Amino acid sequence: MTRTFHKMHGLGNDFVIFDAREEPLAMDEPLARAVSDRKTGIGCDQLVVLEKSTVADLRMRIWNHDGIEVESCGNASRCVVALTHAKTIETGGGLVRGEEDGSDIEVSLGEPHFEWDQVPVTYAIPTNPMPMAWGELHNPVALSVGNPHVVFFVDNADSIDLDELGPRIEHDPVFPDRINVNVAEVHPDGIRLRTWERGAGITRACGTGASATAVAAILTKRVQSPVKVTMRGGSLTIAWAPGEPIRMRGSATYVFKGEIELEALA
Ligand SMILES: N[C@H](CCC[C@H](N)C(=O)O)C(=O)O
């Protein structure tokens, strides 16, 4: 049976989106991995399935490139708002609110969480900063913005061997659900960010990574809100203050629509 999919991206962080609100779609780890494969599948950083929701305009489920289902995806949230015009989205990381403003989309990701068992980390250790080091990366801020992130502030993000340190940190047992790894440079005009994504590796942009990094920088008084976060694929503007939800603003791009026989992939 052929299924229609939508190929979209947020600043080069790319997605395959199935709208299963009228026609349920059983997604699992092997099939998500097969669809995401850039050689034998359609290819994407994350796969998204939209379902009916009883608490929001729709529910968004997200699988990383490695097939693991996760809680949140900032760039995909903007793409889903642009695609469906939804104003509220139910996700594993909480309720996301979205609005369209010309070519930009603004989404609210809810409030960040900093307690060790909310990130989560395995032990009751400080999270701002964490008293830990991996090679030249040390003392990150650990937080959840619906999904788990660590943020390292560095002088030169390009000099960090993220291909080596990213997976080492992602799979460290101190992070029971694994973790997204962000290395950030703070400048007067904003933040430069590189992200090693849990389950996807280095991506051109990471919406929740930009949000987590901006929150950590605001919390530690390195910058003021709102802050521009620039990644290889482009920039997002993030606004936050303690006790408030995180607001992220940026583009969402529709690339093409296609058909696929999922049974042939599984
Ligand atoms: N890799 C993330 C999910 C996708 C996040 C990213 N694509 C975004 O735009 O937020 C995780 O495992 O939590």
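Rules used throughout
- Residues numbered from 1 in each chain as written.
- Predicted model: local features only at pLDDT ≥ 70, side-chain atom pairs only at ≥ 80, totals over all residues.
- Heavy atoms only, no water.
- Buried < 20%, exposed > 50% of the residue type's maximum accessible area, 1.4 Å probe, protein only.
- Helix = DSSP H or I, 4+ residues; strand = E, 2+ residues; numbered from the N terminus.
- Near = heavy atom within 4 Å.
- Polar contact = N/O pair within 3.5 Å; in protein donor to acceptor, adjacent residues only side chain to side chain.
- Areas by Shrake-Rupley, 256 points an atom, 1.4 Å probe, with all protein chains shown as cover.
- Nonpolar A, V, L, I, M, F, W, Y, C, P; charged D, E, K, R; others polar.
- Domains from an automatic or database assignment.
- Contact = heavy atoms within 4.5 Å.
- Buried area = accessible area lost by both parts, 1.4 Å probe.
- Salt bridge = Lys/Arg side-chain N within 4 Å of Asp/Glu carboxyl O.

> Would you explain helix H2 (residues 74-84) in this entry?
One turn of the α-helix equals 3.6 residues, which is why residues spaced by three or four share an orientation. Judged by how many residues are buried, H2 sits mostly within the fold: nine of eleven residues are covered. Within the sequence span of H2, burial applies to Gly74, Asn75, Ala76, Ser77, Arg78, Cys79, Val80, Val81 and Thr84. His85 sits one or two residues past H2 and shows a positive phi near 65 degrees.

> Sorry, what's going on with the site of the ligand here?
What surrounds the ligand is a group of 15 residues, the closest being Asn64, Gly74, Glu197, Arg198 and Thr208. With respect to the ligand, the side chain of Arg198 contributes an N or O atom lying 2.8 Å from an oxygen atom. Thr208 places a polar side-chain atom, nitrogen or oxygen, 2.6 Å from an oxygen atom of the ligand. Coverage of the ligand by the protein chains reaches 100% of its 360 Å² of free accessible surface. Secondary-structure elements contributing two or more residues to the shell around the ligand are H2 and helix H4 (207-219). Split by residue class, the shell around the ligand holds three nonpolar, ten polar and two charged. Here the shell around the ligand spans two domains, since at least three of its residues come from each of domain 1 (2-109 + 252-265) and domain 2 (133-244).

> Help me understand unusual backbone geometry, please; the structure alone is not making it clear to me.
It is generally the case that most residues other than glycine have a negative phi and that most peptide bonds are trans. Here the residue pair Val119 and Pro120 is connected by a cis peptide bond, since its omega of -5 degrees sits within 30 degrees of zero. Mapping Pro120 onto the fold places it in the loop between strand S8 (104-108) and strand S9 (133-134). A cis amide bond, omega 0 degrees, links Ser225 with the succeeding residue Pro226. With respect to the secondary-structure elements, Pro226 resides in the loop between H4 and strand S16 (227-231). Unlike most non-glycine residues, Leu11 shows phi in positive territory, near 55 degrees. Along the polypeptide, Leu11 turns up in the loop between strand S1 (2-10) and strand S2 (13-19).

> Would you mind going over the domain arrangement of the protein with me for this structure?
Many structure descriptions define interface size as the accessible area lost when the parts assemble. Taken domain by domain, the protein consists of domain 1 (2-109 + 252-265) and domain 2 (133-244). When each unit is reduced to the centre of its C-alpha atoms, the spacing between domain 1 and domain 2 is 22 Å. The partner domain 2 presents 21 residues to the 19 residues of domain 1 that form the contact. In this assembly, domain 1 packs against domain 2 so that about 1,300 Å² is buried in total across both faces, 48% of it on carbon and sulfur atoms. Summed over the three residues of domain 1 that lose the most area to domain 2, namely Leu11, Glu71 and Leu109, the buried surface amounts to 37% of that side. Seen at the junction of domain 1 and domain 2, the total is two salt bridges. We note a salt bridge from Arg198 to Glu71, for which the minimum N-O separation is 2.7 Å. One can count seven residue pairs in polar contact (both at pLDDT 80 or more) joining domain 1 with domain 2.

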